[in-house]
Amino acid sequence: MGQLHLGLLVSLSLAAPAVAQPISAEDFIAFDADQARLGQLLFYDKILSGNKNISCGTCHHHDLGGTDGLSLGIGEGGVGLGPKRTPGDGADRIRKRIPRNAPALWNLGHKDVRVLFHDGRLEISDIYGNGYDSPAEEWLPQGLETILAAQALFPMTAQFEMAGNTGENEVIGAVTDRIDLGWPILAKRVRTIPEYGEMFVQAFDHIDRPEDVTIVEIGNALAAFIGTEWANYDSPYDAFLTDGTPLPEAAERGRQLFFGEARCAQCHNGPLLTDQDFHAMALPPFGPGRTRQWDPIPRDVGRMGATDDLEDAYRFRTPPLRNVTLTAPYGHNGAYANLRDMVRHMADPVSMRADWTPTRAALPEVPWLQQIDFVIQSDRLEMERHAATLDVRPVSLTEPQVDDLVAFLESLTGVSAMERPLGRPDRVPSGLPVD
């Protein structure tokens, strides 16, 4: 879910790069502890998937820094975890790779977060009267307390992520009719498990009996867990910001490059080191694409898929950077499994794109999908359109400078990043296996 864009936007002012801001506990939403403990179990419980065979934690696992370690995930129908996950076999095998890299979860409970997903298709907005501009439009239920709670609902409705293939279960059947119709089915599954029912009554003041639990409470519980579990700001760089503790020499040189001549901070700025805006970085396209209705080819037009504005074509959200070393591969499609390669691409997208080969990604072999994996690269016109949309000009970096930038990015890794408050549960109330 992990990616990196060292932004170098020509259109932005180059005179005064933004200064990073420290973050503290006061900058985060105050989630309820009982709801977070409930959310921990739901996060790892496969009861929330159509075929009861995949959980949120499968693709956002504690052991993998909150991601899955793959360029494009192996979702519903796969077997195993992370780089060792296989695509299944027989009738249950996957029919498609997940079109985009699993986004990182770090610090999503920060109060500044206002847009989520690589294409920003979920935003804080009152356009539909429910607090959010989302793929569910007016069908998104009222009562979701944070954008993180709203985000948690959508993987459950996605065919290749958690819902399952058409005809396999009642959830995907309902979602096919209308996006919100699968959520009541999942909520009933959860609340009729006695242990969950009791926990919801305890965690939510307005829930007097299990029958009152809806997908809204499930989303809010998941958000409470994600928002507290992956809050982390005790890196060497955070110590530098808060009390002036010097960085190692290479990281300090990298910091000066990042906020100086490399111009990374033109996009990676603010408390989360992201402008939460959308930029075209010409990452090499591959995979099934995130196709829209009537799209004739397996492409991913990025932000344009959410806005239908041609000006947004091939632009993707700038990701936050804390703990970026833990969230490889990088890019909206995981084009680079190596952080150094991603830094090089951000400095010189045209050259790196020309030299890119599939070996730079982390894409497990799926024999029956090989024909589609790279077919987009044989479409000359689409590749020309994609390459021509670039929001940066190259920056000349020496290899020692790349080393220094990587050292700075490593200094963004929290000391306690892999020691999370709740962690992975040993069991879940449904009794289903925990990945």
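Residues numbered from 1 in each chain as written. Predicted model: local features only at pLDDT ≥ 70, side-chain atom pairs only at ≥ 80, totals over all residues. Heavy atoms only, no water.

Quick notes on the overall build of the protein
Okay, so step 1: A tally of helices and strands in the protein yields 16 helices and five strands.
Okay, so step 2: Computed over the C-alpha atoms, the radius of gyration of the protein is 21 Å, within 12% of the 22 Å expected from 2.2 N^0.38 for a compact globule of 435 residues.
Okay, so step 3: When burial is assessed residue by residue, the protein has 57% of its 435 residues classed as buried.
Okay, so step 4: With the model as given, the accessible surface of the protein reaches about 17700 Å², and the carbon-plus-sulfur share is 51%.
Okay, so step 5: Taken together, the 38 basic and 61 acidic charged side chains of the protein have centroids lying 4 Å from each other. (Helix = DSSP H or I, 4+ residues; strand = E, 2+ residues; numbered from the N terminus. Rg over C-alpha atoms; globule rule 2.2 N^0.38 Å. Buried < 20%, exposed > 50% of the residue type's maximum accessible area, 1.4 Å probe, protein only. Areas by Shrake-Rupley, 256 points an atom, 1.4 Å probe, with all protein chains shown as cover. Lys, Arg positive; Asp, Glu negative; His and termini not counted. Charge placed at Lys NZ, Arg CZ, Asp CG, Glu CD.)

Side note on the layout of surface pockets
Okay, so step 1: Here the largest pocket is characterised by a volume of approximately 1100 Å³.
Okay, so step 2: What lines the largest pocket is a set of 36 residues, among which Arg 121, Pro 135, Ile 179, Arg 290 and Thr 291 lie closest to the centre.
Okay, so step 3: Secondary-structure elements contributing two or more residues to the lining of the largest pocket are helix H4 (159-163), helix H5 (170-177) and helix H11 (304-307).
Okay, so step 4: Counted by class, the lining of the largest pocket contains 13 nonpolar, 10 polar and 13 charged residues. (1 Å grid on protein atoms, 1.4 Å probe; cavity = no way out; pocket = protein on both sides within 12 Å on 5 of 7 lines; lining within 4 Å. Points joined across faces, edges and corners; volume = space filled by probe spheres on them. Nonpolar A, V, L, I, M, F, W, Y, C, P; charged D, E, K, R; others polar.)

Comments concerning helix H12 (residues 339-347)
Okay, so step 1: The element H12 is extensively covered by neighbouring structure, given that seven of its nine residues are classed as buried.
Okay, so step 2: Among all positions in H12, only Leu 339, Asp 341, Met 342, Val 343, His 345, Met 346 and Ala 347 are buried.
Okay, so step 3: Among the residues of H12, the N-terminal cap falls to Asn 338, whose side-chain oxygen and the backbone nitrogen of Arg 340 are separated by 2.8 Å. (Polar contact = N/O pair within 3.5 Å; in protein donor to acceptor, adjacent residues only side chain to side chain.)

What about the confidence of the model for the protein?
Okay, so step 1: Chain-level statistics for the protein give a pLDDT mean of 94 and a share of 96% at 70 or above.
Okay, so step 2: Counting contacts from residues 1-18, a segment whose pLDDT is below 50, to residues more than four positions away or on other chains yields 88 contacts. (pLDDT = per-residue confidence, 0-100. Contact = heavy atoms within 4.5 Å.)

Details of the packing of helix H1 (residues 33-43) against helix H8 (residues 215-229)
In a packed pair of helices, the relevant descriptors are the angle between the two axes and the axis-to-axis distance.
Okay, so step 1: Following both chains from N to C, one finds H1 and H8 inclined at 100 degrees, their axes separated by 7 Å at the closest point. When the interaxial angle is binned, H1 and H8 end up roughly perpendicular. Between H1 and H8, the residues in contact are Gln 35, Ala 36, Leu 38, Gly 39, Gln 40, Leu 42 and Phe 43 and Ile 218, Asn 220, Ala 221, Leu 222, Ala 224, Phe 225, Ile 226 and Thr 228, respectively.
Okay, so step 2: In terms of residue class, the contact of H1 with H8 is built from 10 nonpolar, five polar and no charged. (Axes fitted to C-alpha atoms, helices over the stretch in contact; angles between N-to-C directions. Parallel < 35°, antiparallel > 145°, perpendicular 65-115°, else oblique.)

Comments concerning unusual backbone geometry
Okay, so step 1: Residue Ala 328 is joined to Pro 329 through a cis peptide bond whose omega torsion reads -5 degrees.
Okay, so step 2: Inspection of the secondary structure assignment puts Pro 329 in the loop between strand S5 (316-317) and H12.
Okay, so step 3: With a phi close to 55 degrees, Lys 52 is a non-glycine residue in the positive phi region.
Okay, so step 4: Of note, Lys 52 is situated in the loop between H1 and helix H2 (56-59).
Okay, so step 5: Residues other than glycine seldom take positive phi values, yet Gln 276 does so here, at roughly 55 degrees.
Okay, so step 6: Mapped onto the elements of the fold, Gln 276 is located in the loop between helix H10 (249-258) and strand S4 (278-279).

So, empty space enclosed by the protein
Okay, so step 1: For the second largest cavity, the calculated volume is near 90 Å³.
Okay, so step 2: Lining of the second largest cavity is provided by Pro 99, Pro 285, Phe 286, Gly 287, Gly 289, Pro 298, Arg 299, Asp 300, His 332, Asn 333, Ile 376 and His 386.
Okay, so step 3: Looking at the lining of the second largest cavity, its residues break down into five nonpolar, five polar and two charged.

Some remarks on the packing of aromatic side chains
Okay, so step 1: The full count for this structure, using the stated rule, is 16 aromatic pairs.
Okay, so step 2: For the pair Phe 200 and Phe 204, a centre-to-centre distance of 5.9 Å together with 15 degrees between the ring planes defines the contact as stacked. For the residue pair Phe 200 and Phe 204, the accessibility class agrees, reading buried in each case.
Okay, so step 3: Arranged with centres 6.2 Å apart and planes meeting at 75 degrees, the rings of Phe 259 and Phe 408 form a pair that is edge-to-face. Remark: Phe 408 occurs in helix H16 (residues 399-410) and Phe 259 occurs in the loop between H10 and S4; sequence separation between them is 149 residues.
Okay, so step 4: Among the residues examined, Phe 259 registers a relative accessible area of 14% and is labelled buried.
Okay, so step 5: Pairwise contacts between aromatic rings join Tyr 237, Phe 240, Phe 258, Phe 259 and Phe 408 into one cluster.
Okay, so step 6: Over the ring of Phe 117 we find Arg 121, and its NZ or CZ is 3.9 Å from the ring centre.
Okay, so step 7: Geometry around Trp 139 places Arg 178 over its ring, the cationic atom sitting 3.5 Å from the centre. (Phe/Tyr/Trp six-rings, centres within 6.5 Å; stacked < 30°, edge-to-face > 60°. Lys NZ or Arg CZ within 6 Å of the ring centre and 35° of its normal.)

Here's the deal with the pattern of salt bridges
Two side chains of opposite charge can pair, provided their charged atoms sit close to one another.
Okay, so step 1: What the rule picks out here adds up to 26 salt bridges.
Okay, so step 2: Each of Arg 340, Asp 341, Arg 344, Arg 360, Glu 399 and Asp 403 takes part in a single network of salt bridges with overlapping partners. (Salt bridge = Lys/Arg side-chain N within 4 Å of Asp/Glu carboxyl O.)

Some points on the environment of Ala 33
Okay, so step 1: Looking at the secondary structure, you find Ala 33 in helix H1.
Okay, so step 2: The class for Ala 33 is partly exposed, based on a relative accessible area of 43%.
Okay, so step 3: Each C-alpha atom of the pair Ala 33 and Ala 203 lies 8.4 Å from the other, and the pair is 170 residues apart in sequence.

Details of H8
Okay, so step 1: Across its 15 residues, H8 extends 21 Å between first and last C-alpha, which sits within 8% of the 21 Å expected from 1.5 Å per residue.
Okay, so step 2: The element H8 is extensively covered by neighbouring structure, given that 14 of its 15 residues are classed as buried. (Expected span 1.5 Å × (residues − 1).)

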